[in-house]
Structure formats: C-alpha cells, structure tokens
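# Examining the three-dimensional arrangement
Okay, here's what each chain looks like letter by letter:
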Amino acid sequence: MSGETARESAGPAATGLRRDAIGLREVLFQSITAMAPAAAVAASIPSGAAFAGGSLPLSVLIALVACLFTASCVAELARELPAAGSMSTYVAQGLHPAVGFLVGWGYVFVESLVPPLLLLQLGFTTAGTLHQEWASYPADLWWPWALAGAAVIALSGYLGVRASARFGTVLGVFEVLVLLVFAIWLIGRAGGDNTLSVFGTSHTAEGYEGLSGVFAGSVYTVLAFAGFEAAAPLAEETRNPRRTMHRAVLGSALAIGLFYVLTTYAMAVYYGPDRFGEFGASGAASWEGVARASFGLFWVLVFLAVVNSAIANANACATVSTRTAFALARIRVLPRFLAVLHPKYRSPVAGIAVQTVIAVGAVLGLGFAYDPVTAFLLLATVIVTVVIGVYIVVNLACAGYFLRRRREALKPVRHLLLPLLGIIAFVPALLTAAGLPVFDFVSELSAPVSYAGSVVGVWMATGVVVLVVLMRRHPERIADTARVHLDDPSPTSPTPNGAVQR
C-alpha cells in the first residue's frame, strides 16, 4: 500500500467522505460545469435577445454584476462554514435550523432533477442533429443517448470524488475552449463592425426600447448563472476548504460571467446588433446555425461542446445532490441509507444509486408522457424556481450569520449591502422563472410547464410535514442541520455498513 493510499484509509477521513481528495482546480470546475457555459451561451442567454436585441452584451454584464452579489455571500459563508450540507448549513446557522432543513429539503430535490434535465437535452440535441445530417436516423430516437449519459455519470460518481471532479474538469476545459476560440474568431471576422455600442441601449429589440429592453434581457440572462454555488458541497473532500471554497465560488461566477460577456459580444457584432433580436437557440440565427453557414465543419465542435456541456453539468449536479443527501442523511433527517459510503472510493453509493434511478425514471417517464423538449421545460421551471428561491434565502442567511454569530467580523458592505442587492437582483428572475406576469415581458406558463408550481408546492408542503414531525420527535436532528462536521473535535464513527452516525 502506498503512503498516499495508507493516509486515505486511516484516521478521520476513513469514517466519512474522503478528505483532502481534490484541490482548487477540480472544485473550480465543479462550479463552472454546473453553470453549463456552452449550453448557456448557445441556448439560455439568446432567450434575452428577444428583448435586449444587440444590446444583449450589456444585459449579460448587468447580470454578471447582479450574480456576483449573491456569489460573494455564498463564498463568505462557504469560507466560514465548510460543510457538505452547504446551503442547508448556511441557512441553519444564519437564520434557524428549521429554515435550514427546508432549504436542504428543496435543494436536494431540485439538484436531483438537474441530471435528468440535462440528459433530456443530451438526448433530443443529439437525435435532432443526427436526423438533420442523416434523414434516415429517427428524430425521436433520443432516449438511448440519454440512458448512455446516465450510465457515464453513475460510473463517474461511483468511482469517487477524484474521478468525477477530474472528469468534470476535462469536460469543462473542452467546452470553454471551443466557445472561446469561436468567439475570438467571430470578433476577428467582424473586423470594422466591432463596436462598443452593444454595451449601450441603442440596439434593443422593437417594443423594448432603452433600459426596459436591457433589463428584460438581463432577467433572462441571470438564469444562465445558476450553479456557481456547486463547489460548496465538496467542502469536506477538498484541501484547505475554507480558502478553496471561497475562491472557487467567487472565481467561477466571475470567470464564466466574463466568458458570457465575451461570447455574447462576439456573436452580436458578427451577426449584426440591429438584427440580433431575431437570434435564438436553433435555426440559422443561432450559434450552431452561424457555425454551419460560415465556418464549415467547425459547427461539429460547437455541437460537441453543447453535448459535452450537458454531460458535465449533469455530472456536477449529481455530485451536489448526492453530497447534500449524504449530509442530511448523516444527521438522520433523510433516510440513513443515503449516508452509506463505498469502502474504497468513499463515494455515497446509495445516494448515487437513488440519483440514477430518479434520473432514468424522470427521463423516460416524462420524456414519453409528453416529449423530451416539453419534459425539459417542465423540469427546468421546477429547478430554476427553487434554486433562485434558495439564493434569496442564502442572501438573508449571510446577513443573519454575521449579525448573530460573527459580529466581530461583520463588514457592512460585504455582509449587509451585497446580500440586499443580491435579493433585489434575483426577485425579478424568480418571478420570471415562475411565469408570474408582474412585468410586461413575462409570459404566463402553459400546461404542462405550468404544473411546475404545483410540483414545488407539494414537495415543500411535504417538507413542512416532515419538519413538524422531526421537531416533535427528534428536535436534535433539526438542530444538527447547523453542524459543521469538519469542526468536530473527534471523528464520527462508522456503522458496519459504512454509514456515518453520531
């Protein structure tokens, strides 16, 4: 047995998740791939062009600043409270353990739905592209690709955090490089058409002139930033977690935000700012369409980057869901078997098995009940609604934590003003994601996508019932949502099956 293996098999690390297994690079790309940069550039961000038009780069820049408010709050809490429970722990410490439980209950639910969301995208994107190239390939034969992706993600997770994090790093580097090279190429081809006027309000879409169009575009663009917090649940498996978590959360939001600004600028000036309002996620007026028309086989790399982005995002969020479930099962507010770890890889194998079953069930069940695109939209609405709600609560928790527990470290701008600005930035995005027509640019959701609100309501109502039962029978378990296990004076003890309990 090598010295490194011996260290990993002994001491406190052997009783829980594998300690000191990964570093800043892997954790940084955990957040980067969870943001799905290639998919966001090609599919999510262009939805704002219908409002911002050729001023979409300004919308993206505003969204970046807005998201950095919340990213700063998450980074501050991740440095103070390095825990696999992440969002749940932050809110339990900053507000109340009962609220922390509900945040964890909602967060683990939606993070478990992200892999099937991305597997659906993998399926219909691949099938549609193959059908476009070879008409003999059935356009509706999407499900084998989704199942293949599920198998890859399950294997990656089973082999432990090193394997899954390094896999995500490789995928993340590829998708970012492809879009970055393409963006620089577009800027070069634009030549004299390069202009900083796209960072003004003169190119907004018809009917949304001036700042109203820019604001509407930024609300839709904010949704592309979701996932910057995905590094946080890896705290107990990361070297020097307090410093690493802070740098990874804030660094990923800033780096990918600037990547979004650059790529959106590149396409806007190449395609033409005054006709950019027609730009979208598919057809000739899209990233793949422009690549097909102007750059020959380069469109294949763009297609592969988007497919790669779907797999990488699913892999990252499977890691988030299984670690969050592990953290809640460890304190016995979720079923204890979700805390079962593999004896060698220290991966939460029971959670990975459950995650895989959920992914396959949701993909096939919703995909065949409706169609893969409709199923994708339904899951996306559920996920974004809850995740943005979590961001808003975490902003409150940041202020609460430093006011209640770390008053000596309180910095008014960082711990009070930025959380407030983060809440202000995400409330419009929450209303937009939920389809509530508070603004004139928000459309009401139609069935079955409109069912998302009911799904979220039923799940959270169930969480309230579970909370009441636990508060009456086992209040100490709810209190433990605030526990930071890395700060425990002695290691937890394993049960015979590898689960961890107090």
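These numbers come from a predicted model, not from an experiment. (Residues numbered from 1 in each chain as written. Predicted model: local features only at pLDDT ≥ 70, side-chain atom pairs only at ≥ 80, totals over all residues. Heavy atoms only, no water.)

Along the backbone of the protein there are 18 helices and two strands. Considering only C-alpha atoms, the protein reaches an extent of 65 × 55 × 45 Å along its principal axes. In the protein, which comprises 502 residues, the proportion classed as buried is 59%. For the protein, the share of sequence-separated contacts (at least 6 apart) that also reach a separation of at least 24 residues comes to 79%. Counting every atom, the protein has about 19100 Å² of accessible surface; 66% of that belongs to carbon and sulfur. Taking the 31 positively charged and 27 negatively charged side chains of the protein as two groups, their mean positions are separated by 15 Å. (Helix = DSSP H or I, 4+ residues; strand = E, 2+ residues; numbered from the N terminus. Buried < 20%, exposed > 50% of the residue type's maximum accessible area, 1.4 Å probe, protein only. Contact = heavy atoms within 4.5 Å. Areas by Shrake-Rupley, 256 points an atom, 1.4 Å probe, with all protein chains shown as cover. Lys, Arg positive; Asp, Glu negative; His and termini not counted. Charge placed at Lys NZ, Arg CZ, Asp CG, Glu CD.)

On to the packing of aromatic side chains. Under the counting rule described, the total for this entry stands at 24 aromatic pairs. Measuring from ring centre to ring centre gives 5.2 Å for Phe182 and Phe295, while their planes differ by 85°; the resulting arrangement is edge-to-face. Note that Phe182 is positioned in helix H9 (residues 161–190) and Phe295 in the loop between helix H12 (287–294) and helix H13 (298–330), a separation of 113 residues in sequence. With relative accessibility at 0%, the residue Phe182 sits in the buried group. Aromatic side chains Phe276 and Phe279 sit 4.7 Å apart centroid to centroid with 15° between the ring planes, which places their arrangement in the stacked category. On the accessibility criterion, Phe279 (5% relative accessible area) is buried. Residue placement shows Arg275 over the ring face of Tyr271; its charged tip is 4.0 Å from the ring centre. Looking at Arg292, its charged tip hangs above the ring of Trp299, at a distance of 3.7 Å from the centre. (Phe/Tyr/Trp six-rings, centres within 6.5 Å; stacked < 30°, edge-to-face > 60°. Lys NZ or Arg CZ within 6 Å of the ring centre and 35° of its normal.)

The biggest cluster of nonpolar side chains holds 127 residues, and the ones touching the most others in it are Tyr260, Phe279 and Trp287. The leading source of residues in this core is helix H15 (residues 372–404), at 18 residues. Counting residues in hydrophobic clusters, the runner-up holds 20 residues, among them Leu17, Phe101, Ala325 and Ile331. (Core = buried A, V, L, I, M, F, W, Y, C linked by side-chain atoms within 4.5 Å.)

The subject of this paragraph is the layout of surface pockets. Taken as a whole, the second largest pocket holds about 260 Å³ of empty space. Looking at the second largest pocket, it is lined by 16 residues, and the ones nearest its centre are Val108, Ala325, Leu338, Val354 and Ile358. Residue assignment for the lining of the second largest pocket shows that the elements contributing at least two residues are helix H7 (97–133), H13 and helix H14 (349–369). Its residues assigned to classes, the lining of the second largest pocket shows eleven nonpolar, five polar and no charged. (1 Å grid on protein atoms, 1.4 Å probe; cavity = no way out; pocket = protein on both sides within 12 Å on 5 of 7 lines; lining within 4 Å. Points joined across faces, edges and corners; volume = space filled by probe spheres on them. Nonpolar A, V, L, I, M, F, W, Y, C, P; charged D, E, K, R; others polar.)

Taken together, Val413, Leu417, Leu420 and Ile424 make up a surface patch of nonpolar side chains, about 370 Å² in accessible area. Within the fold, Ile424 resides in helix H16 (residues 412–433). (Patch = residues over 30% accessible without salt bridge, like charges linked within 9 Å, V, L, I, M, F, W, Y side chains within 5 Å. Salt bridge = Lys/Arg side-chain N within 4 Å of Asp/Glu carboxyl O.)

Look at helix H17 (residues 452–473): 32 Å from first C-alpha to last across 22 residues, which is about the 32 Å you get at 1.5 Å a residue. Every buried residue of H17 is accounted for by Ala452, Val456, Gly463, Leu467 and Leu470. When H17 is viewed along its axis, its buried side chains cluster within an angular range of 70° and face the same direction. Turned more than 90 degrees away from the buried face of H17, the exposed residues are Val458, Val465, Arg472 and Arg473. In this fold, the buried residues of H17 make contact with H7, H15 and helix H18 (475–479). (Expected span 1.5 Å × (residues − 1). Arc of directions from axis to C-beta.)

The subject of this paragraph is H15. Across its 33 residues, H15 extends 47 Å between first and last C-alpha, which sits within 8% of the 48 Å expected from 1.5 Å per residue. Put simply, Asp371 is the residue that caps the front of H15, since its side-chain oxygen is 3.0 Å from the backbone nitrogen of Val373. (Polar contact = N/O pair within 3.5 Å; in protein donor to acceptor, adjacent residues only side chain to side chain.)

Moving on, we get to the pattern of salt bridges. Applying the stated criterion across every chain yields a total of twelve salt bridges. The salt bridge involving Glu237 is made with Arg323; its shortest N-O contact spans 3.1 Å. One end of the pair, Glu237, is in the loop between helix H10 (211–222) and helix H11 (241–271); the other, Arg323, is in helix H13, and 86 residues separate them in sequence. Arg292 is paired through a salt bridge with Glu288; the nearest N and O atoms lie 3.0 Å apart. Here Arg292 and its partner Glu288 are both found in helix H12, four residues apart, which amounts to about one turn of the helix. Residue classification places Glu288 among the partly exposed residues on the basis of a relative accessible area of 22%. Connected through shared salt-bridge partners, Arg25, Glu26 and Arg166 make up one network.

This part takes up the UniProt feature "domain: Amino acid permease/ SLC12A" (unreviewed entry) in the protein. Listed under "domain: Amino acid permease/ SLC12A" (unreviewed entry) in the UniProt record, and renumbered for this structure, are residues 27–450. A distance of 35 Å separates the end C-alpha atoms of residues 27–450, which is 70% helix and 0% strand. (UniProt positions renumbered as here; feature names shortened; annotations may be inferred.)

Here the focus is the environment of Val449. Structurally, Val449 is set in the loop between H16 and H17. Separated by 264 residues in sequence, Val449 and Trp185 place their C-alpha atoms 38 Å apart. Apart from the residues lying within four places of it in its own chain, the contact partners of Val449 are Leu377, Leu378 and Thr381.

We now examine the confidence of the model for the protein. Summarising the model, the protein shows a mean pLDDT of 88, and 94% of its residues fall at 70 or more. Scored below 50 in pLDDT, residues 490–502 shows 32 contacts in the model against residues more than four places distant or in partner chains. (pLDDT = per-residue confidence, 0-100.)

This part takes up unusual backbone geometry. Of the consecutive residues Ala447 and Pro448, the connecting peptide bond is found in the cis state with omega at 0°. Following the sequence through the fold, Pro448 ends up in the loop between H16 and H17. A positive phi angle, near 55°, is found at Asp20, a position not held by glycine. Mapped onto the elements of the fold, Asp20 is located in the loop between helix H1 (3–8) and helix H2 (24–34). With a phi close to 45°, Asn240 is a non-glycine residue in the positive phi region. With respect to the helices, strands and loops of the structure, Asn240 is situated in the loop between H10 and H11. Accessibility expressed as a relative area gives 46% for Asn240, which makes it partly exposed.

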